[in-house]
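As a plain string of letters, each chain reads:
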Amino acid sequence: MEGATGAALPAFVVSVLRASGGQGRGDYFELETGSDGGATVYVTAGSGVAAASGFHWYLKYFCNCSLSWFGNELVFPNPLPLVPFEHHDSPYDYGYYFNVCTFGYSTVWWDWDRWEEEIDWMAMNGVNLPLAFVGQEYVWQIVYNELGISNEELESYFGGPAFLPWQRMGNVDGWPYPLPQSWIVAQKSLQLQILERMRSLGMTPVLPGFSGHVPAAIQQHYPNASITQLDPWQRGFTGTFFLDPLDPLFNKIGSLLVQQITEIFGSDHYYSCDPFNEILPPSDDPAYLTTVSASIYSAMATADPSAIWVLQAWFLVSSPLFWKTEQTQAFLNGVATEDLILLDLWAEVDPIWDDDLFFGKQFVWNMLHNYGGRSGMYATLPRVATGPITALQNGSANIVGTGFTPEAIETNPVAYDLMGEMRWRTTAPDLDLWVQSYAIRRYGIEIPELITAWSLLQNSVYNCERRQAGTSGSIVAARPDLVIPVVGCCAVTPLYWDPVDVCEAWTLMTQVANQLRDHPTFTYDLTTVTAQVLSTLMLGYHRSLVASFHEDTSITFEKAASKIESLIQDMDEILATQEKLLLGTWLEDAKQWAQTDDEWTNYQYNARLQITLWGPPLTHLNDYAYKLWSGLVSDFYLPRWDTFIGSLRDYIGHHEDWNLTAYRHEVSAVEEAWTLNTDDSNYPSTAQGNSVDVALSLYEKYKSECQ
């Protein structure tokens, strides 16, 4: 507990007494102080995870403390509070965690210390069924070597570290560079540490299963196998290779994988594989689809008769035209209900269970929340507070858990704080009261201005009622154009909230900023609100620039251009005050894994490419994973805007049509040059300046426009 909080704590007496039936429904925690005035806290629970959750509940609701990715607030009341006996039951078997993509967008460069912190956070937030995908390439090498495929042949199969999730899901092969052997070995060792820690807390790790994605080289070794090259996942990539689950080789590979995983990592009988993640099966025949799912499960069960398949139901969201009712039911019916757990991946926005598409199968209600790690304030708090309860109260829904399935983490901690509680709730919280409580414990002190500020945020940026993929995109991070309806492919730019609400919250936060300048939770929140205000102002600046260009007026054009460039520089300055919002932190974390100069270049390119172009130049994947990070804002986004402004400037007064094609090639060259500049390591990984000082200065500069 002290390791998780980094603070000296009251005396805790923890007893783990298995609930009837073991881990799962019936899991519970109990809290009570002894007769020594609150100095000893007794935590009794049905599992290690439940005990950690009870400890977290005590910190939040009796001590007004806060734990988050962006600092902790751990000033204990004096005297310590008395805790009357409390008993909390969970109505669910499972608390799930991670999306396959999280292992690319967030955890890819983590070392053991960072993993240990996260696993402790998981336990305190009710997670007992985490996806554990690190280090699997070590096992895959052994499997394919036994099938006669050499490591050299696998170089075009495994992708770079930052893109492994999409290789694992069968979307891409070998992008962008081969995976170094040193990475494969080091990640296997890291996985052993991760699994040991998870299991010690009573978690059940979910390990990889075989979905049918195979290396191209297998065709030379097994020329009679039924292998199909699928259509490209996205423009610019080549199609990957899919082994028909009905082919006998499928069972051989799948069972061999489970055998080797069990030998190397041990097994808790839960396996994840997603055969059709944003790719389509070769046939929509219902009988075929039933046989496919049965064969996939059989490959697991051949080696582990107790196998349970954990399946992301994203395919039902991403490809509804293929997965009609008949096809979906046929595919799901290939596996017995007790052998399959479906992850309703985006349940807070697009719940599949509510469309009756699970046909009685077990499912976990998940909050996806974030796509690509994109920066910006966003949540659907009312849906998070009520969605699992609605499913729980529906007699026909076979809900067995709640969970988190973000593509990336370390953003908008309020959403995760609420979701973490939902495993222990059978009724929805009063959201107004919950947010008030959050505003107090977030900073360890009750300040009326901050309670009001959080009420404004609760009912604006944290109450998205649209069906959109995460936060509204910041055009600071967009490839500039005359019209920017979306950043990259997917981050729509129209706001779903009233900007005045965020401006008022910003004003209230600045009024008390000096009082809380030493509170890391507050300085982070002040920074993100400031960045959100600047992102919103940028929309108006862009409109002014475009209008002056169309009007062919140089003076107003230059004024608008100057405001854009100044705002972007100001954004970089406020972001630089937070270590978690530095490009240098991401790049330094990548560097730590390099053992040679070639690996240094490889990892730096992976790190730069993922957060910018993602795929080949001039594809629609650019900026999918944009980040408002200091260093990236100043050295990637600002030069793009300068290129755009310069291109428009050349046409003012010349009465010629702007050459969009020429501009796109010009800006593409700017983008690609930055991603390839892997020798430039001049990005700090420690914060620069003081968040409060910078925010107050920017407030004075922009307050008249913030409305």
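Please read all numbers here as calculations on a predicted model, not as lab measurements.

A. Geometry of the pattern of salt bridges. In the structure shown here, the tally under the stated rule is 25 salt bridges. Between Asp 27 and Arg 423 there is a salt bridge; the shortest N-O distance is 3.7 Å. You can see Asp 27 sitting in the loop between strand S1 (11-16) and strand S2 (28-33) and its partner Arg 423 sitting in the loop between helix H15 (413-421) and helix H16 (431-443), a full 396 residues away along the chain. Note on accessibility: Asp 27 and Arg 423 belong to one class, buried.

B. Broad picture of the nonpolar core. Trp 109, Tyr 144, Ile 253, Trp 309, Phe 331 and Trp 614 are the most contacted members of the largest nonpolar core, which totals 264 residues. Ranked by residues supplied to this core, first place goes to helix H19 (residues 520-551) with 14 residues. Setting aside its immediate chain neighbours within four residues, Phe 331 contacts Pro 275, Phe 276, Leu 289, Thr 290, Val 292, Ser 293, Trp 309, Leu 311, Phe 315 and Trp 323.

C. Looking closely at the state of the cysteines. Throughout the structure, instances matching the rule amount to 2 disulfides. Through a disulfide, Cys 489 is tied to Cys 490; the S-S separation comes to 2.2 Å. Residues Cys 489 and Cys 490 share a disulfide whose torsion about the S-S bond is about -90 degrees; that sign makes it left-handed. Each disulfide pairs two cysteine sulfurs, and for Cys 503 the partner residue is Cys 706, the sulfurs being separated by 1.8 Å. Sign of the S-S torsion, about -105 degrees for the bond between Cys 503 and Cys 706, identifies this disulfide as left-handed. In this pair, Cys 503 sits in helix H18 (residues 499-511) while Cys 706 sits in the segment after helix H25 (691-702), placing the two residues 203 residues apart along the sequence. Relative accessible area serves as the criterion here: at 11%, Cys 706 is assigned to the buried category.

D. Representation of helix H4 (residues 112-124) in the model. With 13 residues, H4 extends 19 Å from end C-alpha to end C-alpha; this agrees with the ideal 18 Å at 1.5 Å per step. Every buried residue belonging to H4 is among Arg 114, Trp 115, Glu 118, Ile 119, Asp 120, Trp 121, Met 122, Ala 123 and Met 124, and all of these are buried. A positive backbone phi angle near 80 degrees is found at Gly 126, which sits one or two residues after H4.

E. Inspection of the sheet that holds strand S7 (residues 207-208) at higher detail. The strand order S6-S5-S15-S14-S13-S12-S11-S7 describes an open sheet built from 8 strands, whose pairing is parallel. In this open sheet, the two edge strands, each paired with only one partner strand, are strand S6 (129-130) and S7.

F. Looking closely at the packing of aromatic side chains. Tallied over the entire structure, the rule returns 68 aromatic pairs. Ring centres 4.6 Å apart and planes at 40 degrees place the aromatic pair Phe 210 and Phe 250 in the tilted group. Highlighted residues: Phe 210 in the loop between S7 and strand S8 (213-214) and Phe 250 in helix H10 (residues 248-265), separated in sequence by 40 residues. Across the pair, Phe 250 and Phe 210 agree in class, each one buried. Ring centres 6.0 Å apart and planes at 10 degrees place the aromatic pair Phe 404 and Tyr 416 in the stacked group. Within this pair, whereas Phe 404 is found in strand S15 (residues 399-404), its partner Tyr 416 is found in helix H15, the two being separated by 12 residues in sequence. Tyr 416 carries the same exposure label as Phe 404, and that label is buried. Joined through ring pairs, the aromatic side chains of Trp 69, Phe 70, Tyr 97, Phe 98, Phe 103, Trp 110, Trp 115, Trp 121, Phe 133, Phe 404, Tyr 416 and Tyr 524 make up one cluster. Between the NZ or CZ atom of Arg 608 and the centre of the ring of Trp 674, over which it lies, the distance is 4.4 Å.

G. Local environment of the sheet that holds S8. Strands sit in the order S8-S10-S9 across an open sheet of 3 strands; the sheet is antiparallel. The open sheet has two edge strands with one neighbour each: S8 and strand S9 (227-229). Summarising the sheet, S9 and strand S10 (residues 241-243) pair through 3 bridges and their orientation is antiparallel. Looking at S10, one finds that Ile 227 is bridged to Leu 243.

Cut-off values and rules
- Residues numbered from 1 in each chain as written.
- Predicted model: local features only at pLDDT ≥ 70, side-chain atom pairs only at ≥ 80, totals over all residues.
- Heavy atoms only, no water.
- Salt bridge = Lys/Arg side-chain N within 4 Å of Asp/Glu carboxyl O.
- Helix = DSSP H or I, 4+ residues; strand = E, 2+ residues; numbered from the N terminus.
- Buried < 20%, exposed > 50% of the residue type's maximum accessible area, 1.4 Å probe, protein only.
- Core = buried A, V, L, I, M, F, W, Y, C linked by side-chain atoms within 4.5 Å.
- Contact = heavy atoms within 4.5 Å.
- Disulfide = S-S within 2.5 Å.
- Expected span 1.5 Å × (residues − 1).
- Pairing = 2+ DSSP bridges.
- Phe/Tyr/Trp six-rings, centres within 6.5 Å; stacked < 30°, edge-to-face > 60°.
- Lys NZ or Arg CZ within 6 Å of the ring centre and 35° of its normal.

From the geometry alone we can't say anything about function, so treat these as descriptive.
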